[in-house]
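# Examination of the molecular architecture
As a plain string of letters, each chain reads:
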Amino acid sequence: MMAKEIPYKIYLDESEMPTAWYNLRADMKNKPAPLLNPATGQPCTAADLAPVFCEELVKQELDDTTPYFEIPQEIRDFYKMYRPSPLVRAYCLEKKLGTPAKIYYKFEGNNTSGSHKLNSAIAQAYYAKQQGLKGVTTETGAGQWGTALSMACSYFDLDCKVFMVKVSYEQKPFRREVMRTYGASVTPSPSMETAVGRKILEEHPGTTGSLGCAISEAVEKATTSEGYRYVLGSVLNQVLLHQSVIGLETKAALDKYGIKADIIIGCAGGGSNLGGLIAPFMGEKLRGEADYRIIAVEPASCPSLTRGKYAYDFCDTGKVCPLAKMYTLGCDFIPAPNHAGGLRYHGMSSTLSQLYADGLMEATSVTQTKVFEAAEYFARVEGILPAPESSHAIRVAIDEALKCKETGEEKTIVFGLTGTGYFDMVAYEKYNDGKMSDYIPTDEELAESFKKLPQGF
Ligand SMILES: *Cc1c(COP(=O)(O)O)cnc(C)c1O
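This report concerns the structure included in the present document. Predicted model, so just to flag it, every value in this text is computed and none were measured. (Residues numbered from 1 in each chain as written. Predicted model: local features only at pLDDT ≥ 70, side-chain atom pairs only at ≥ 80, totals over all residues. Heavy atoms only, no water.)

## Focus: the overall build of the protein chain
In plain terms, the rule: Helix and strand assignments come from DSSP, with helices taken as H or I runs of at least 4 residues and strands as E runs of at least 2, each series counted from the N terminus. The size measure is the radius of gyration over C-alpha atoms, and the globule rule it meets is 2.2 Å times the number of residues to the 0.38 power. Residue burial is assigned from relative accessible area. The probe radius is 1.4 Å, only protein chains are included, and a residue is buried under 20% of its type maximum, exposed over 50%, and partly exposed in between. Note on contacts: a residue pair is in contact if any heavy atoms of the two residues lie within 4.5 Å. Charge assignment in this entry is limited to Lys and Arg as positive and Asp and Glu as negative, and neither His nor the chain termini are counted. A charged residue contributes its charge at one atom only: NZ of Lys, CZ of Arg, CG of Asp or CD of Glu.
Helices and strands together make up the secondary structure of the protein chain, namely 18 helices and 15 strands. Radius of gyration (C-alpha) of the protein chain: 21 Å, near the 23 Å computed for a compact globule of 457 residues. Taken along its principal axes, the extent of the C-alpha atoms in the protein chain is 65 × 50 × 45 Å. Within the protein chain, the fraction of its 457 residues that count as buried is 62%. Contacts in the protein chain between residues far apart in sequence, at least 24 positions, make up 76% of those at least 6 positions apart. Placing the 48 positive and 56 negative side-chain charges of the protein chain at their respective mean positions leaves the two points 2 Å apart.

## Some details on the sheet that holds strand E7 (residues 159–165)
Sheets are built from strands paired through backbone hydrogen bonds, the pairs being either parallel or antiparallel. Counted only if it meets this: Only strands that DSSP links by at least two bridges are regarded as paired with each other. Axis lines are fitted through C-alpha atoms, for helices just across the contact stretch, and the angle between N-to-C directions can take any value from 0 to 180 degrees.
Strand order in the open sheet formed by four strands is E8-E7-E6-E9, and the pairing between neighbours is parallel. Each end of this open sheet is capped by a strand with a single partner; those strands are strand E8 (185–189) and strand E9 (228–230). Strand after strand, the sheet turns through a mean of 25 degrees between neighbouring axes, direction not considered. Where strand E6 (residues 135–140) and E7 come together, six bridges link them in parallel fashion.

## Here's the deal with unusual backbone geometry
Each neighbour pair has its own omega, and for Arg 83 with Pro 84 the value is -5 degrees, a cis peptide bond. Relative to the helices and strands, Pro 84 is located in the loop between helix H3 (73–82) and strand E4 (87–89). The residue after Ser 189, namely Pro 190, is reached through a cis peptide bond having omega 5 degrees. Relative to the elements of secondary structure, Pro 190 occurs in the loop between E8 and helix H9 (195–203). With a phi angle near 60 degrees, Asp 157 is a residue other than glycine that sits in the positive phi range. Looking at where Asp 157 falls in the secondary structure, it is placed in the loop between helix H6 (144–156) and E7. A residue is classified by how much of its surface remains accessible, and Asp 157, at 65% relative accessible area, is exposed. Of note, Leu 343 is a non-glycine position whose phi angle comes to about 55 degrees, a positive value.

## Topic: the site of the ligand
For the record, the criterion: We call a residue near a molecule or strand whenever a single non-hydrogen atom of that residue lies within 4 Å of it. Pairs of N or O atoms within 3.5 Å make up the polar contacts considered here, provided that, within protein, one atom can donate a hydrogen while the other can accept it, and that residues adjacent in sequence are counted only when both atoms are side-chain atoms. For the accessible areas, the method is Shrake-Rupley and the probe is 1.4 Å, while residue cover comes only from the protein chains on display. Any residue outside Ala, Val, Leu, Ile, Met, Phe, Trp, Tyr, Cys, Pro, Asp, Glu, Lys and Arg is labelled polar, Gly included; the first ten of those are nonpolar and the last four are charged.
Lining the immediate environment of the ligand, one finds 17 residues, of which Lys 117, Ser 234, Gly 269, Asn 273 and Thr 418 sit closest. At 2.5 Å from an oxygen atom of the ligand is found a side-chain nitrogen or oxygen belonging to Lys 117. Take Thr 418: an N or O atom from its side chain is 2.7 Å from a nitrogen atom of the ligand. Calculation on the ligand without its partners gives an accessible area of 380 Å², and the protein chains cover 94% of this total. A breakdown of the residues in the shell around the ligand according to their chemical character gives four nonpolar, 11 polar and two charged.

## Here's the deal with helix H16 (residues 388–407)
Going by this rule: Under the convention used throughout, the expected extent of a helix is 1.5 Å for every residue step, that is, one less than its residue count.
The end-to-end C-alpha separation of H16 is 29 Å, in line with the 28 Å expected for 20 residues at 1.5 Å each. The buried count for H16 comes to 14 of 20 residues, which makes it a mostly enclosed element. Backbone geometry just after H16 places Gly 408 at a positive phi near 80 degrees.

## Considerations on the pairing of strand E11 (residues 293–299)
Applicable threshold: A right-handed crossover is one whose linking path, passing over the helix from the first strand to the second, runs clockwise when the strands point away from the viewer.
Of all the seven residues making up E11, six are buried; the element is thus mostly covered by neighbouring parts of the structure. With helix H12 (residues 272–286) bridging strand E10 (residues 263–267) and its parallel neighbour E11, the resulting β-α-β unit is right-handed. The pairing of E11 with strand E14 (residues 362–366) spans five bridges and is classified as parallel. When the sheet's bridge partners are listed, Glu 298 is paired in E14 with Ser 365.

## Structural notes on the pattern of salt bridges
Test applied: Salt bridges are identified by distance alone: a Lys or Arg side-chain nitrogen within 4 Å of an Asp or Glu carboxyl oxygen.
Here the structure, examined in full by the defined rule, presents 31 salt bridges. In this structure, the salt-bridge partner of Lys 80 is Asp 77, at a minimum N-O distance of 3.7 Å. Placement of both Lys 80 and Asp 77 in helix H3 is noted, with a separation of three residues, approximately one turn of the helix. In this structure Lys 80 comes out as partly exposed when scored by relative accessible area, which is 33%. Judged by its relative accessible area of 36%, Asp 77 falls in the partly exposed class. Between Asp 291 and Lys 285 there is a salt bridge, with its nearest N and O atoms 3.4 Å apart.

## Side note on helix H8 (residues 173–181)
Put simply, the test is: The arc in question is formed by the directions pointing from the helix axis toward the C-beta atoms.
Those residues of H8 not exposed but buried are Arg 175, Arg 176, Val 178 and Met 179. Take H8 and look down its axis: the buried residues cluster within an arc of 160 degrees, on one side only. Exposed side chains of H8 directed beyond 90 degrees from the buried face belong to Phe 174 and Thr 181. In this structure, the buried side of H8 is in contact with E6, H6, E7, helix H7 (166–171) and E8.

## Things to note about the sheet that holds strand E5 (residues 102–107)
Pairing is mixed in the open sheet, where seven strands are placed in the order E1-E4-E5-E15-E10-E11-E14. Each edge of the sheet is formed by a strand with only one pairing partner; in this case those strands are strand E1 (9–10) and E14. Two elements, E10 and E11, share five bridges in a ladder whose sense is parallel. Considered in E11, the bridge of Ile 264 is made with Ile 294.

Printed below as a string of structure tokens:
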């Protein structure tokens, strides 16, 4: 039988789009460690989390056994505005590299927020609306999550308060304006609006902020404002659940053409796109139905999986959030100021952390100059200007394809292209001017940070 010719872009029909999210935890023998209440040291209950998160999202967060959650029709309808996203056969990249490998990427940048984050933002806004809330608060670093959430909130007519890491607020004014265009209010963090912000400013005057600090402010704002809850764009189980739409579509597209992936690669910040992309494939692996090499790629300047400790840690600098067991660099860890490639969160999703601890996936780190080199190479051959975050995955996909060139192996490589980089041109400029450098934290610096991990959990 002749193999079906693979098109440049594999699209699913609307009727082939997933109708349920897949909860990978249901198939894990070793479940991710539970969130702990910092006050009691006991696993968080739904009642503990209810003041912070929306009810339905708390249920999703704590459910380790239900394999599928139906996607509500309104969310499916919203998804249809920008999904299914294409699975692209990177014919041009393969040719340019001269590799026998077959390379595919799942492109999540075809929406105004420019990344996969909208997949979870719309779900979280939907459940907030269902609960009758007035609005939600959140933090954003580079601004993709804040942008996605402001789009989702405007769709459901919810108020959206975003605490944006100060350095990004100042250096990325365009993202800030996109958020405001969608009706969000954006506050540079740390701010004087919250007790935790004032405390951090007092202790570290002139600080340019961090994600961990912005999270603390957003949580405080939500829990002290009537009718508000906090939402988070990564790390949490519920976010990985919503992002499983990426992997489910990828798997359906591959299956449509009888393609079997050998290697699946994704960049890893808090772990949501990777967790979503690999979900159905990891499910097969956990059930013993198929095997894949799965590779998480992180920045050498923020190497939580490859150099972090697997321990309970705070999710935020202000220590107002529950404790999560994860690979972490310590909740005060802030990547070097010259780090421009995103993925700067100090920890990693507890689901991915457990899978990594169990040897079910690999992790590797790459320096930012190598990442931008791959980004430009990719932009020139495939046309898409990639986000720096996504380019971590591109780097390793290219490296794996080059290995195939040496060995002559025709491996099938699938990677997640999480977004576009139009708002990251200051970083590209640095690279183009030859002014980008690499900073890798020393073992001593990491050891200092590990000393401050919470003890006794
Ligand atoms: C936020 C973001 C990431 C990293 O977040 P994860 O939760 O690890 O997926 C990667 N790529 C893009 C484009 C992003 O906006």
